[in-house]
Amino acid sequence: MKKFALAIAFTFMVTISAFSQETMNDSFKGRIALGTNTTWIRSTAVAARYYLTDIIGLEGFLSFRTVSGNYSGRFGNAYAVGIKALRIIKSYKKLNIYTSSTVGLHSGRSSQQDVTLIAGLGLEWFVLDNLSLSSECGLRLTLGNSFTRFASDVDDIPNVSIRFYL
């Protein structure tokens, strides 16, 4: 658990310092969004996002997937929980471009736990003032008990999310 907390702190600092340009956007500070997030276990997560400043936010997510019968799939019954740090690097009237870093914990087959690190780039389009659609792509590193996997974050499924801003 200590390694997980350190990984979260490290990825948050990397995201904040990765881009230092000024953005021109409406105030996001203190805004909360509820929505979905696509996870690497082929399921959709429930997500909550909170902006610490106008350009820096945190998002936590949780997903659970069950399968029935003899089919176990690649992940079988699984859950994923994680936190994402994001930084808006460019903002337009209805579109935000952001970088993100995610640290996630996954438990699947045989109750083995894996840690996943994702560095990504995303687009968030505001359909309405408080409703957005977003998509992300990036690179994913999964560290398991008996394996390590490096892949693109969209090699299995498209990552598309919807959010409602309160």
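Described below are features of the structure shown in this document. Owing to the predicted nature of the structure, the values given are computational and were not obtained by experimental measurement.

Remarks on the overall build of the chain
Summing up its helical and strand segments, the chain has one helix and nine strands in all. Put simply, the chain runs from its N terminus to its C terminus through helices and strands in the order α-β-β-β-β-β-β-β-β-β. The buried share of the chain, reckoned over its 166 residues, is 41%. If you take every contact in the chain between residues at least 6 apart in sequence, the share linking residues at least 24 apart comes to 54%. Surface accessibility of the chain: about 9000 Å² in total, with carbon and sulfur atoms responsible for 64%.

Details of the side chain of Thr-102
Among the structural elements, Thr-102 can be located in strand β5 (residues 95–107). Discounting chain neighbours no more than four positions away, the residues touching Thr-102 are Phe-61, Ile-83, Lys-84, Thr-116, Leu-117 and Ile-118.

What about the environment of Tyr-92?
Locating Tyr-92 in the fold gives a position in the loop between β4 (78–91) and β5. C-alpha separation for the pair Tyr-92 and Trp-125, spaced 33 residues apart in sequence, amounts to 9.4 Å.

About the criteria used
- Residues numbered from 1 in each chain as written.
- Predicted model: local features only at pLDDT ≥ 70, side-chain atom pairs only at ≥ 80, totals over all residues.
- Heavy atoms only, no water.
- Helix = DSSP H or I, 4+ residues; strand = E, 2+ residues; numbered from the N terminus.
- Buried < 20%, exposed > 50% of the residue type's maximum accessible area, 1.4 Å probe, protein only.
- Contact = heavy atoms within 4.5 Å.
- Areas by Shrake-Rupley, 256 points an atom, 1.4 Å probe, with all protein chains shown as cover.

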